[in-house]
Each structure stands twice: as C-alpha cells, then as structure tokens.
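Fold and contact review
Here's the letter readout for the chains.
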Amino acid sequence: MRDVFDRRNLVYGDYSIVFQFLTPPYLIIALGDYHDGPLLDLTTFSFISDEIFFAPVYNKNQLKRAIREGIELGLPILLLNINRLFSFRKFSDLNNTLHELLNNYDGQVLITTNELKSKRFPPPPNAPHYIRHLVDVVVFLRRSNHSYVIYVIKHPFIPYSKFVWRFSYGKELPLLSFISPSLS
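The residue numbers shown here count from 1 along each chain, following its written sequence. With pLDDT at 70 or above as the cut-off, local features in this predicted model cover only qualifying residues; side-chain atom pairs require 80 or more to be listed or tallied, and sums for whole chains, interfaces and linings still use all residues. Heavy atoms from the whole structure form the basis of all side-chain values; hydrogens and water molecules are not counted.

1. Quick look at the overall build of the chain
- Each helix corresponds to a stretch of at least 4 residues labelled H or I by DSSP, and each strand to a stretch of at least 2 residues labelled E; elements are numbered beginning at the N terminus. Per the secondary structure count, the chain includes four helices and nine strands.
- Starting at the N terminus and walking to the C terminus, you meet the elements of the chain as β-α-β-β-α-β-α-β-α-β-β-β-β.
- For the chain, buried positions account for 49% of its 184 residues.
- The contact definition used throughout considers only heavy atoms, calling two residues in contact when any of these lie within 4.5 Å. For the chain, long-range pairs separated by at least 24 residues make up 63% of all intrachain contacts whose partners lie at least 6 apart in sequence.
- Methods summary: accessible areas were calculated by the Shrake-Rupley approach with a probe of 1.4 Å, and residue burial reflects only the protein chains presented. A total of about 10200 Å² of accessible surface is found on the chain, and carbon and sulfur atoms cover 51% of it. Exposure classes here rest on a 1.4 Å probe applied to the protein chains alone. A residue is buried below 20% of its type maximum, exposed above 50%, and partly exposed in between.

Written as structure tokens, this is what we have:
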C-alpha cells in the first residue's frame, strides 16, 4: 500500500488506514471548525510518537502559516479534512492556499477529504479540479469487513485499479505481488 502513494496525493473516503503507512516524522495539519467536533480522532493511531507533529487549523490564515512552517521543517505533510474548512464556494481560496505547497514543495503531501454524493462509483472527491490536477495520485478508500478496498483513480504508473488490502485479527495481508513481494 505504501508504494501506491507518491509525492503529492489526494486520498478520500475512509482514509484512516493512511496513518498505518506513514512513517514518523511527519506533520499533521488538521482543518476544521471546532464547532463541528474534534479535528483528529486519536483512536486511528496505533501508537503515538514524539516525531508526529500536529497543527490545528481553524481558518485560512492559520492554514497558510502551518503550511509555511511545514515547508520550513521539510517534513511530509498530511492535510486532514480540507472539506471541513473549505466548502465548494471557497474552492478558489483553497486553490490559492495550496498552490505553493503542491507546486514548489519537494516533500510528500497527503491531502484528505470526503467523497461527494454521486450516482457514479467510485464517487468523486470533495476537492477542486485544480487540486485533482496537481496531485500525482488520487485514491478512494472504502472499508469493508476485514479489508480495505482501494481504488486507484489517478497514478503515474498504475492504471485505474481496484485492490483489496485484507487484514485478519490484526494481521496484515499483502496487497499485490508487484507492491508486496511476499505475496508470490
């Protein structure tokens, strides 16, 4: 699964599995209105590390500052729930805010959001077309019984694909032979 991600990533749906594949140190920038509930659910972490940095963001100015500081640190940056701070009407603000991060930053960036309600499957992400265009990878994740279903929508090397990453009682099973050699 780790090999599915690239430098700039858009992950949507049930993205809680992402925390299992990120290796500290990294920066989590959690976006949202504090009236809408907690910014981060700590139960998604299997462990807490001193090398995981957290920046709560409640408005556009705080986001710009957190991104600037993240770039200065040179750490991988995980933007959690862009949809909680930027609605469809504010997509142009989101584009302007993330422009430098997606165009000029050499570190890894993961942007998470929810999916839009749609009759299509997999549904489209709740993100502007500009962001979808700039990222290298777009992945839709859905949890099912004892597995995650991973839809690779956009990737520089993998065509549109559907993978099932199975787990059983805490034991991880490999995704694919070309991603995880232990399968063959």
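2. Some remarks on the nonpolar core
- In these notes, a set of buried Ala, Val, Leu, Ile, Met, Phe, Trp, Tyr and Cys residues joined through side-chain atoms within 4.5 Å is what counts as a nonpolar core. Within the largest apolar cluster, 30 residues are counted, with the highest numbers of intra-cluster contacts made by I29, L31, L79, L98 and I111.
- The element best represented in this core is helix α3 (residues 91-104), accounting for four residues.
- Counting 27 residues, the second-largest nonpolar core is a separate cluster that includes V4, F5, V18 and Y26.

3. Topic: the packing of helix α2 (residues 60-73) against α3
- Where α2 meets α3, the axes come as close as 10 Å, and the angle between the chain directions of the two elements is 10 degrees. Between α2 and α3, the interaxial angle falls into the category roughly parallel. In this structure, α2 contributes K60, L63, K64, I67 and I71 to the contact, and α3 contributes D93, T97, L98, E100 and L101.
- Residues were grouped as follows: Ala, Val, Leu, Ile, Met, Phe, Trp, Tyr, Cys and Pro as nonpolar; Asp, Glu, Lys and Arg as charged; and all remaining residues, including Gly, as polar. Looking at side-chain class alone, the contact of α2 with α3 contains five nonpolar, one polar and four charged residues. The angle between two axes is taken between their N-to-C directions and runs from 0 to 180 degrees, where each axis is a line fitted to C-alpha atoms and a helix contributes only its stretch in contact. Put simply, angles under 35 degrees are roughly parallel, angles over 145 are roughly antiparallel, angles from 65 to 115 are roughly perpendicular, and the rest are oblique.

4. Digging into the confidence of the model for the chain
- Confidence in the prediction of the chain, expressed as mean pLDDT, is 85, and 84% of residues score 70 or more.
- Segment residues 176-184: pLDDT under 50, and 13 contacts once partners within four positions in sequence are set aside and those in other chains are kept. What pLDDT expresses is the predictor's confidence in each residue, scored from 0 to 100.

5. A closer look at α3
- For α3, spanning 14 residues, the distance from its first C-alpha to its last is 20 Å, which sits close to the expected 20 Å at 1.5 Å a residue.
- What we call the bend at a residue is the angle made by axes fitted to the seven residues finishing there and the seven residues starting there. If you look at α3, its biggest bend is around 45 degrees, right at L98.
- Of the positions making up α3, those classed as buried are F91, L94, N95, T97, L98, L101 and L102.
- On its buried face, α3 sits against β1 (8-13), α2, β4 (77-80), β5 (109-113) and α4 (129-134). Each helix should span, by expectation, one fewer than its residue count multiplied by 1.5 Å.

6. What about unusual backbone geometry?
- With an omega of 10 degrees, the peptide bond between P24 and P25 qualifies as cis.
- Within the secondary structure, P25 sits in the loop between α1 (18-21) and β2 (26-31).
- For the bond from F121 to P122, the omega torsion is -5 degrees, close enough to zero to count as cis.
- Assignment of secondary structure puts P122 in the loop between β5 and α4.
- Phi is positive for N81, close to 60 degrees, though the residue is something other than glycine.

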